[in-house]
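# Architecture and fold: a report
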Amino acid sequence: MTAFPPSLSRRLWGRSFDSPIILAGGTAGFGAELFVTDGGCFGGVAAVVSKSVTLNPRAGNEPPRIQETEFGLLNSIGLANPGVYSVVSQVLEKAVNMPCPLIVNVAGETEDEFARVVQVLEGSPVPWAYEINVSCPNVACGGLPFGSDPGSVERIARTVAEVTRKPFCVKLTPNAGSIVETAVAAQEGGAAGVTVCNTFLGMKMDWRTGTTLLRKKVAGYSSPALLPLVVARVWQVSRAVSVPVLASGGVARGGDVLELLAAGAEMVQVGSRLMRRPRAARELLQEARELLE
Amino acid sequence: MTAFPPSLSRRLWGRSFDSPIILAGGTAGFGAELFVTDGGCFGGVAAVVSKSVTLNPRAGNEPPRIQETEFGLLNSIGLANPGVYSVVSQVLEKAVNMPCPLIVNVAGETEDEFARVVQVLEGSPVPWAYEINVSCPNVACGGLPFGSDPGSVERIARTVAEVTRKPFCVKLTPNAGSIVETAVAAQEGGAAGVTVCNTFLGMKMDWRTGTTLLRKKVAGYSSPALLPLVVARVWQVSRAVSVPVLASGGVARGGDVLELLAAGAEMVQVGSRLMRRPRAARELLQEARELLE
Amino acid sequence: MAAPRDFDGIVTCVEGLCPGVLRIAVKAHDFAGEPGQFVEMEPSPDCFPMTRRPFTINRLLPGGFEVVFEVLGRGTGLLGRLEPGDGVRTLGPLGRGWRLSPGRWLLVGGGMGAAGFPFLAASLSEPPLVLLGASTSERLLHTGGDQRTITDDGTSGVKGRVTDLLGSVDLDAFSTVAVCGPLRMLKAVWTSLPDRHRHKVQVSTESRMGCGWGVCEGCSIPVPGGGYRKCCTDGPVFTGEELDWDRWSE
Amino acid sequence: MAAPRDFDGIVTCVEGLCPGVLRIAVKAHDFAGEPGQFVEMEPSPDCFPMTRRPFTINRLLPGGFEVVFEVLGRGTGLLGRLEPGDGVRTLGPLGRGWRLSPGRWLLVGGGMGAAGFPFLAASLSEPPLVLLGASTSERLLHTGGDQRTITDDGTSGVKGRVTDLLGSVDLDAFSTVAVCGPLRMLKAVWTSLPDRHRHKVQVSTESRMGCGWGVCEGCSIPVPGGGYRKCCTDGPVFTGEELDWDRWSE
Ligand SMILES: Cc1cc2nc3c(=O)[nH]c(=O)nc-3n(C[C@H](O)[C@H](O)[C@H](O)COP(=O)(O)OP(=O)(O)OC[C@H]3O[C@@H](n4cnc5c(N)ncnc54)[C@H](O)[C@@H]3O)c2cc1C
Ligand SMILES: Cc1cc2nc3c(=O)[nH]c(=O)nc-3n(C[C@H](O)[C@H](O)[C@H](O)COP(=O)(O)OP(=O)(O)OC[C@H]3O[C@@H](n4cnc5c(N)ncnc54)[C@H](O)[C@@H]3O)c2cc1C
Ligand SMILES: Cc1cc2nc3c(=O)[nH]c(=O)nc-3n(C[C@H](O)[C@H](O)[C@H](O)COP(=O)(O)O)c2cc1C
Ligand SMILES: Cc1cc2nc3c(=O)[nH]c(=O)nc-3n(C[C@H](O)[C@H](O)[C@H](O)COP(=O)(O)O)c2cc1C
Ligand code: FES
Ligand code: FES
């Protein structure tokens, strides 16, 4: 049960952490990028989630890939990544010196692909856990995300559970289906946690021309203004599942972290804010500590 | 096909309008409330949508019902309304002097209730059209909204189409299911339009105590920061259906109206902004006209 | 009753009454209003905050009005930064004010609840007796005239709550008891009044508002029978008997 | 290369170079950097805008740096309101700058693209020849030294595009051709250069950035083979041959 005010000391999958903050997938590279500043940007970081890894290399979407709107950010990266084989042979080793564990985020175009990617990742000792990103479109099913269908989510979780003994969480989508049902399905399938949630589908159109700056038109939208949407979903999901909930979305201030913990999250991810602030985790943790004093 | 920049002259269900702006359900009372200022607040208003009407009177949720967040507004009104019989016998007549048509918004707790409410409303000459609000929870199905299930949406539309020859649109929910599938289902069922969309589920929690100000905890969230979410959904839906799309959500400026029209909306509703600005329609239309000059 | 207008008022004067409490005068051509009515002011022309903030009319001015308010959160914080010459989008006058019946009135106010009393007192045919309570003397909003004060800390008048003053008043001398203040005070006053005086009570209520002009049903105040009335258009002033005191909470 | 830091710089000087173009000097203890590197500045400490804005280092100062930028949209609009004494959250130095090879350099710059040339010119072993283009004379960002200008309207130097100046230059005299400016200009320069000189080309690229420090993959620049490199950490300076000019668009 959550205590109020929530404690900043957390436990996830058998490990204890002094901070609830996890760096979100796609906004922290593969972890090695965080060494950019002297000493690295690991203050306040409980764990890092890598960008999404797929079976084959993906160049990603044609640029531009980023567009700011008045009150938010659209991204259309297109899961750019070197593919799981390169990741295992060349990329992961660069993260071994991180002072915190790495969670590798996994995406796929078919239900089977997720477990195949995890199977290859099992060849590396670096990943502590996996995050299964079912927000990506199920190409075989008209492009709706896997995460819109509880059956699909449960099957994916089950196949992943068969190939690894490491913990994994399923990162759910807010864009289709019932997030409570898909969370339950993920747990049924063997997930050790759920991430709630991901970017929301968004679009900005130039009304003068009917064109969009981002070529895929519809993109992923993130914004501190979405925090109440994430709080609601975290609260709903955390009462429906017994596995830990990792919140993701809308965090810009220390109080946001505390609110998501109060709503039932075990850990809180920070994405867009990290892009702006390499030391976002340290800053957020500091702000949260001051609020608790 | 949409022309760019979009025209502000629109057609809906056989009528022509000089303005695309419709006042959204639940933020314009039953229309008579708009006479509040001298001459009324009808400038720039193409049509008014009433608050949701149910079969039986509903007192609505226990107050408080409104909470502002840093970047948005939570509401938990609970479909307060005097019930369709009082609406027909006492309320609608007060709207007859409006210089624009009234669309009556209809809600229900069971699939059958919608058509029953419409049947009673057919006794009044006042409604020009109906808006069927399938965002409300389907009590028989664990509280997920009717609008999360295309089958349910199609059945509701079909039963409504059986009891009226007036045009009606279905107001879809962004909170569950696939909004494109439910839009198609509404059209299949006989809807003459779809409203995209409604408030998003949101919540604000006091992390110090774990309590929420609004007693129902989860509430409806509206914000200008949600505009990109609505633009994306309007764009997706308008390419999937042939009936007109009425956009609802996030409008605060004239440019927002134009963007939603460019994305494929035939008409644009304004809700929260109207609450703040009784003459929002006139102001938005004016701003849009200036942008087009 | 004057129909409300949505206008750009011009701030003509800002006066600090005590730390955190301000009086702001706004110039507004042809502004009319009745005691107990209120205005909805926009804290900022930006998108956020999304709603206005409601304030009782403190006084009418020739061609304008004054409000007195406490800086509490974001909205009043922004309004508190207004300076003479600034514009402030205002909607008003709104709501239904005091039912101005003849006879002598007893006004009972707590904290900012007394903000509307100067306008009310000036509109009565006889000078009222005013009972004022506040946490401390500097936070008493003086109405003028025949006025008795009480403070939580005893810095003005006796030490205690405004209900303590009620006991010493001969209620039979008053035709109306007008109450305004925090809900806890309203309830204390209502409870302490003998049944036979309750029909005289008028209460100025407060509620979190969405619109302030009757369209959103956000500002409900419970009434007997399980239903609600709108604070913004049915009120903010109700008779004590119109309210369901048991169901009424913050 | 100095590791980037995220610091609160203090604006020491703001100078309008021409309408809409500003030079801002920022005090930043121990700031180091190399020519072609950039900084990411926060337009506002508020939540919005959500991302910073990237600017080339125009000059290093003792204990600080200068940027020169054009006010275009919301971000530069906010930055353009900075005044001496204001703080500005800055991340830098970022990216990989010019590969400082020996020999004489030819610098070709268009519009704000020349903003980084003063720092580059000062870092070269020999004074470069600078070809500058702009829409009109007042918008030429002078680098100093041996400089030829051209403007769209003929108000400075000849009337025409910077590529028109290239024809009159003996490319064999230069070891490196450094190009920076709008994409259309970059492409025109690249296309107009004879094949045998293309290996000398270095290009300072621009891309819409999410982070500016390599984590988001938002700033892709196309490279041969169908892939992309990151403008922010692999660049912003690339050799001409590292780029896929055909796939490169705004
Ligand atoms: C009819 C009416 C008349 C009022 N007259 C006065 C007055 O003359 N002087 C004065 O100081 N105050 C008055 N109030 C209370 C005043 O409106 C609130 O203190 C103010 O809205 C707080 O805004 P905030 O953004 O600073 O506070 P926050 O707490 O940040 O506000 C958050 C939200 O809660 C609402 N809210 C908070 N407290 C109240 C409250 N007590 N009543 C209604 N809504 C509230 C705000 O409007 C806003 O939507 C009146 C309220 C009503 C309903
Ligand atoms: C490495 C690098 C160095 C730069 N150096 C300079 C410089 O020294 N002087 C200068 O005037 N400009 C420079 N620019 C361009 C400058 O960053 C943009 O003009 C600025 O970000 C526009 O911001 P805005 O909010 O005013 O414009 P808006 O158009 O409102 O910005 C919207 C979004 O688009 C982005 N954007 C818009 N134009 C560009 C662009 N040309 N390049 C990248 N992102 C853009 C913004 O960063 C923002 O995310 C540089 C860009 C890059 C990538
Ligand atoms: C630029 C960018 C790239 C992202 N890439 C991924 C990704 O590869 N995989 C993934 O699961 N989520 C990805 N996300 C989603 C984030 O991990 C996060 O869930 C989302 O942005 C909401 O959190 P925020 O509000 O903290 O940004 C990305 C987000 C952004 C902004
Ligand atoms: C206070 C309030 C009450 C509402 N009541 C209803 C309602 O009764 N029926 C309905 O279909 N939508 C209702 N809505 C949703 C609005 O009609 C609208 O779809 C939504 O607020 C998004 O639009 P906006 O961003 O313009 O506010 C309500 C919204 C608000 C803010
Ligand atoms: S505040 Fe909207 S009806 Fe009263
Ligand atoms: S801007 Fe984020 S990786 Fe370059």
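Being a predicted model, the structure only gives us computed values, none of them experimental. (Residues numbered from 1 in each chain as written. Chains lettered and ligands numbered in written order. Predicted model: local features only at pLDDT ≥ 70, side-chain atom pairs only at ≥ 80, totals over all residues. Heavy atoms only, no water.)

## What to know about the arrangement of the chains
Let me state the cut-off plainly: Contacts are assigned to residue pairs that have any heavy atoms within 4.5 Å of one another.
The assembly contains 5 pairs of chains in contact; the pair sharing the most contacts is chains A and B. With no contact between them, chain C and chain D keep their nearest C-alpha atoms 12 Å apart.

## Here we look at the nonpolar core
Spelled out, the test is: Joining through side-chain atoms within 4.5 Å is the link that ties buried Ala, Val, Leu, Ile, Met, Phe, Trp, Tyr and Cys residues into a set, and such a set is a nonpolar core. Residue burial is assigned from relative accessible area. The probe radius is 1.4 Å, only protein chains are included, and a residue is buried under 20% of its type maximum, exposed over 50%, and partly exposed in between.
Judged by nonpolar contacts, the single largest core of 272 residues is most densely connected at I132 of chain A together with I132 of chain B. The residues touching I132 of chain A, leaving out its near neighbours within four places in the chain, are V106, F114, V118, I156, V160, F168, C169, V170 and K171 of chain A.

## Description of the relation of the copies chain B and chain A
Stated formally: We superpose the copies by least squares over the C-alpha atoms of residues that have a pLDDT of at least 70 in both of them.
Overlaying chain B with chain A gives an RMSD of 0.0 Å, the required rotation being 180 degrees about an axis along which the chain moves by 0.0 Å. A rotation of that kind, with that shift, is consistent with a two-fold axis. For chain B, the minimum C-alpha distance to the rotation axis belongs to G177 of chain B and amounts to 2.0 Å. Comparing contact sets, 100% of the residues at the interface of chain B also lie at the interface in chain A, consistent with an isologous, same-surface contact.

## Regarding the site of ligand 1
All names here are of chain C. Definition in use: The criterion for a residue being near a molecule or strand is simple. One of its heavy atoms has to lie within 4 Å of it. In protein, a polar contact requires one atom able to donate a hydrogen and another able to accept it; more generally it is a pair of N or O atoms within 3.5 Å, and residues adjacent in sequence count only if both atoms are side-chain atoms. Throughout, the Shrake-Rupley method with a 1.4 Å probe supplies accessible areas, and for residues the shown protein chains are the sole cover considered.
Around ligand 1, the surrounding shell holds 20 residues, and the nearest of these are R53, P54, G75, T76 and R208. Here an oxygen atom of ligand 1 and a backbone polar atom of P54 are 2.7 Å apart. At 2.7 Å, a backbone N or O of G75 approaches an oxygen atom of ligand 1. Protein chains shield 85% of the accessible area of ligand 1, which is 810 Å² for the free molecule.

## Description of the sheet that holds strand β7 (residues 87-94) of chain D
Residue and element names in this part refer to chain D. Put simply, the test is: Pairing between two strands requires that DSSP report at least two bridges joining them. Going along the chain from the N terminus, every DSSP run of H or I of four or more residues is numbered as a helix, and every run of E of two or more is numbered as a strand. To obtain each axis, a line is fitted to C-alpha atoms, and for helices this fit is confined to the stretch in contact; angles are then taken between N-to-C directions over 0 to 180 degrees.
If you trace the 7 strands from one edge of the open sheet to the other, you get β4-β3-β7-β1-β2-β6-β5, paired in antiparallel fashion. The sheet terminates laterally at β4 (53-56) and β5 (59-61), the two strands that pair on one side only. When the angles between neighbouring strand axes are averaged without regard to direction, this sheet yields 40 degrees. Bridging between β5 and strand β6 (residues 64-70) involves 3 bridges; their strand directions are antiparallel. Paired with L61 across the two strands is G64, which belongs to β6.

## Quick word on the interface of chain B and chain A
Selection rule: Throughout, the accessible surface (probe 1.4 Å) given up by two parts as they are put together, summed over both, is called the buried area. Definition used for salt bridges: Asp or Glu carboxyl oxygen within 4 Å of a side-chain nitrogen of Lys or Arg. Each residue gets one of three labels, nonpolar for Ala, Val, Leu, Ile, Met, Phe, Trp, Tyr, Cys and Pro, charged for Asp, Glu, Lys and Arg, and polar for the others, Gly among them.
Contacts between the two partners involve 41 residues from chain B, matched on the other side by 41 residues from chain A. The junction of chain B with chain A conceals about 3,500 Å² of combined surface from both sides, 67% of it contributed by carbon and sulfur atoms. Along the contact surface separating chain B from chain A lie 1 salt bridge. Applying the counting criterion to the chain B and chain A interface returns 11 residue pairs in polar contact (both at pLDDT 80 or more). Of all elements in the fold, only β11 (200-202), α5 (227-240), α6 (254-262) and α8 (280-292) of chain B reach the threshold of two or more residues within the side of chain B that touches chain A. The residue inventory of the side of chain B that touches chain A, partitioned by class, reads 26 nonpolar, 9 polar and 6 charged.

## Notes on the pairing of strand β12 (residues 176-180) of chain D
All names here are of chain D. Put simply, the rule is: Crossovers are marked right-handed if the path from the first strand over the helix to the second runs clockwise, as seen with the strands pointing away from the viewer.
A large share of β12 lies buried, amounting to 5 of its 5 residues. Here β12 shows two buried faces, one formed by T176, A178 and C180 and the other by V177 and V179. In this sheet, β12 lies alongside strand β8 (residues 105-110) in parallel orientation, the contact comprising 5 bridges. When the sheet's bridge partners are listed, G109 is paired in β12 with C180. Inspection of the sheet shows β12 paired to strand β13 (residues 201-204) by 4 bridges, in the parallel sense. Each bridged residue has a counterpart across the sheet, and for A178 the counterpart in β13 is Q202. The β-α-β motif built from β12, the intervening helix α4 (residues 183-192) and the parallel element β13 has right-handed crossover chirality.

## A short note on the confidence of the model for chain C
Keep in mind that low pLDDT regions are not for reading the predicted coordinates in detail. Here is the rule: Every residue is assigned a pLDDT by the predictor, reflecting its confidence on a scale from 0 to 100.
Here chain C averages 95 in pLDDT, while 100% of its residues score no lower than 70. Note on the complex model: pTM 0.97, ipTM 0.97.

## Here we look at the pairing of β13 of chain D
Moving residue by residue along a regular strand, the side chains alternate between the two faces of the sheet. Residue and element names in this part refer to chain D. The alternating pattern of β13 places V201 and V203 and Q202 and S204 on opposite faces, both of which are buried. Looking at chain direction, β13 and strand β16 (residues 237-239) are connected through 3 bridges and run antiparallel. Looking at the pairing, S204 lines up with V237 of β16.

## Observations concerning the site of ligand 3
Residues and elements named next belong to chain A. Taken together, 22 residues sit near ligand 3, with G25, K171, S248, G250 and S272 positioned nearest. At 3.4 Å, a backbone N or O of G249 approaches an oxygen atom of ligand 3. Taking S272, its side chain carries an N or O atom lying 2.5 Å from an oxygen atom of ligand 3. In isolation ligand 3 exposes 600 Å². Once the protein is present, 95% of that is buried.

## Let's talk about helix α8 (residues 280-292) of chain A
Going by this rule: Multiplying 1.5 Å by the helix residue count minus one yields the expected span of that helix.
Across its 13 residues, α8 of chain A extends 18 Å between first and last C-alpha, which sits within 8% of the 18 Å expected from 1.5 Å per residue. Buried residues of α8 of chain A: A280, A281, E283, L284, L285 and A288 of chain A, and no others. If you follow the buried residues of α8 of chain A, they end up packed against β3 (21-23), α6 (254-262), β14 (267-270) and α7 (272-276) of chain A together with β1 (5-18) and β7 of chain D.

## Describing the sheet that holds strand β4 (residues 47-49) of chain A
Residue and element names in this part refer to chain A. Strand order around the closed barrel formed by 8 strands is β3-β4-β7-β8-β9-β10-β13-β14, with parallel pairing between neighbours. Each neighbouring strand pair of the sheet contributes to a mean axis angle of 25 degrees, computed without reference to strand direction. With 2 bridges joining them, β4 and strand β7 (residues 102-106) adopt parallel strand pairing. Among the inter-strand pairings, V48 is bridged to a residue of β7, identified as L102. Running over the sheet, helix α2 (residues 111-121) touches β7 and β8 (127-133) and is turned about 165 degrees from β8. Strands β3 and β14 of the sheet are contacted by α8, whose axis makes an angle of about 165 degrees with β3.

## Brief notes about the side chain of E42 of chain D
Note that E42 of chain D resides in the loop between β3 (38-41) and β4. For E42 of chain D, a relative accessible area of 5% corresponds to the buried category. A distance of 2.9 Å separates a polar atom in the side chain of E42 of chain D from a polar atom in the side chain of R276 of chain A. Filtering out sequence-adjacent residues up to four positions away, E42 of chain D remains in contact with R276 and R277 of chain A together with R52, L79, V88 and R89 of chain D.

## Digging into unusual backbone geometry
Looking along the chain, the bond that leaves G235 of chain C and enters P236 of chain C is cis, with omega of 10 degrees. With respect to the helices, strands and loops of the structure, P236 of chain C is situated in the loop between β15 (228-230) and β16 (237-239). With an omega of -5 degrees, the peptide bond running from F48 of chain D to P49 of chain D counts as cis. Tracing the sequence through the fold places P49 of chain D in the loop between β3 and β4.

## Description of the packing of helix α1 (residues 84-91) of chain A against α2 of chain A
Residue and element names in this part refer to chain A. For clarity, the threshold we go by: Oblique is the label for any angle not covered by the other classes, which are roughly parallel (under 35 degrees), roughly antiparallel (over 145) and roughly perpendicular (65 to 115). Two helices that cross are described as forming a left-handed crossing if the nearer one is turned anticlockwise from the farther one by less than a right angle, and a right-handed crossing if clockwise.
The N-to-C vectors of α1 and α2 enclose an angle of 20 degrees; their axes lie 9 Å apart at closest approach. As far as their axial angle goes, α2 and α1 are roughly parallel. Crossing hand, α1 versus α2: right-handed. Of α2, the residues touching α1 (which contributes V84, Y85, V87 and V88) are V117, V120 and L121. Residues belonging to the contact of α1 with α2 are distributed by class as follows: 7 nonpolar, no polar and no charged.

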